[in-house]
Amino acid sequence: MFQLGFSIILVFLVVGAIQILFNSLCLVLAFKIFDPNLDKEELVASFLRAMLYWLIVFSISFVAILIGGAANSVIFLLLLLLLTAIAAFILMMQFFALGAGEAFVIIILFLIFNYFASEFLTRFVSGLFSVSM
């Protein structure tokens, strides 16, 4: 399917580091929208916990991509990524002590906020480099 080289692994690590910070911020903002009574200390603790959460999720995803790529099977890769998404949802419920309904609402808020924030970020960076998107 693809050949893994050092440059691809380096790109995964750099993009993963940026995504961990960006997704952690988006997740904390989703928590703030869900519960507006969170104070500064709780938000900082949630951000650090979200960074650890995303580090674990991206590590599992990276391993799934490596195994799926080594197996040279798109179906197997998609199955592994689906299992990773299910594990990430369960891990979120355990990590942040949420019920299934609360976790689902947080995920929906996170996805909506992440979509608009990443669209803004993509257009901002494209504007900086004068690239048409």
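This is a predicted model, so every value here is computed, not measured. (Residues numbered from 1 in each chain as written. Predicted model: local features only at pLDDT ≥ 70, side-chain atom pairs only at ≥ 80, totals over all residues. Heavy atoms only, no water.)

A. Looking closely at the packing of helix α2 (residues 40-71) against helix α3 (residues 74-95). Running from N to C, α2 and α3 cross one another at 165°; their axes reach a closest spacing of 9 Å. When the axis of α2 is compared with that of α3, the two are roughly antiparallel. Along this stretch, α2 crosses α3, giving a crossing that reads as right-handed. Contacts between α2 and α3 pair Arg49, Leu52, Tyr53, Ile56, Val57, Ile60, Ser61, Ala64, Ile65, Ile67, Gly68 and Ala71 from the former with Phe76, Leu77, Leu80, Leu81, Thr84, Ala88, Phe89, Leu91, Met92 and Phe95 from the latter. (Axes fitted to C-alpha atoms, helices over the stretch in contact; angles between N-to-C directions. Helix = DSSP H or I, 4+ residues; strand = E, 2+ residues; numbered from the N terminus. Parallel < 35°, antiparallel > 145°, perpendicular 65-115°, else oblique. Left-handed = near helix turned anticlockwise from the far one by under 90°. Contact = heavy atoms within 4.5 Å.)

B. Seen up close, a nonpolar patch on the surface. Taken together, Val63, Ile67, Phe76, Leu79, Leu82, Leu83, Ile86 and Ile90 make up a surface patch of nonpolar side chains, about 690 Å² in accessible area. For the nonpolar patch, the secondary-structure elements that each account for two or more residues are α2 and α3. No other element matches α3, which puts 6 residues into the nonpolar patch. Relative to the helices and strands, Leu79 resides in helix α3. (Patch = residues over 30% accessible without salt bridge, like charges linked within 9 Å, V, L, I, M, F, W, Y side chains within 5 Å. Areas by Shrake-Rupley, 256 points an atom, 1.4 Å probe, with all protein chains shown as cover. Salt bridge = Lys/Arg side-chain N within 4 Å of Asp/Glu carboxyl O.)

C. Representation of α3. Between its first and last C-alpha atoms α3 spans 30 Å; for 22 residues at 1.5 Å apiece the expected length is 32 Å, and the two agree. If you check which residues of α3 are buried, you get Leu77, Leu80, Thr84, Ala88, Met92, Met93 and Phe95. Structurally, the start of α3 carries an N-cap: the backbone nitrogen of Phe76 is 3.2 Å from a side-chain oxygen of Ser73. (Expected span 1.5 Å × (residues − 1). Buried < 20%, exposed > 50% of the residue type's maximum accessible area, 1.4 Å probe, protein only. Polar contact = N/O pair within 3.5 Å; in protein donor to acceptor, adjacent residues only side chain to side chain.)

D. Expanded view of the side chain of Asn23. When you line up the elements, Asn23 lands in helix α1 (residues 6-34). Sequence-distant contacts of Asn23, that is, excluding residues within four places in its chain, are made with Trp54, Phe58, Phe110 and Asn114.

E. Quick peek at the nonpolar core. Membership of the largest hydrophobic core comes to 22 residues, with the highest contact counts inside it found for Leu27, Phe31, Tyr53, Trp54, Met92, Phe96 and Leu98. A total of 7 residues in this core trace back to one element, the largest contributor, which is α1. Setting aside residues no more than four positions away along its own chain, Tyr53 makes contact with Leu27, Ala88, Phe89, Leu91, Met92, Phe95 and Phe96. (Core = buried A, V, L, I, M, F, W, Y, C linked by side-chain atoms within 4.5 Å.)

F. Layout of α2. Compared with an ideal rise of 1.5 Å per residue, which puts 32 residues at 46 Å, α2 spans 46 Å between its outermost C-alpha atoms and is within 8% of the ideal. Remark: Asn72 follows α2 within two positions and exhibits a positive phi of approximately 60°.

G. Inspection of the side chain of Ser46 at higher detail. Within the secondary structure, Ser46 sits in helix α2. Look at Ser46 and you get buried, because its relative accessible area is 16%. If sequence neighbours within four positions are ignored, Ser46 has contacts with Val28, Phe31 and Phe96.

Geometric values such as these leave the question of function open.
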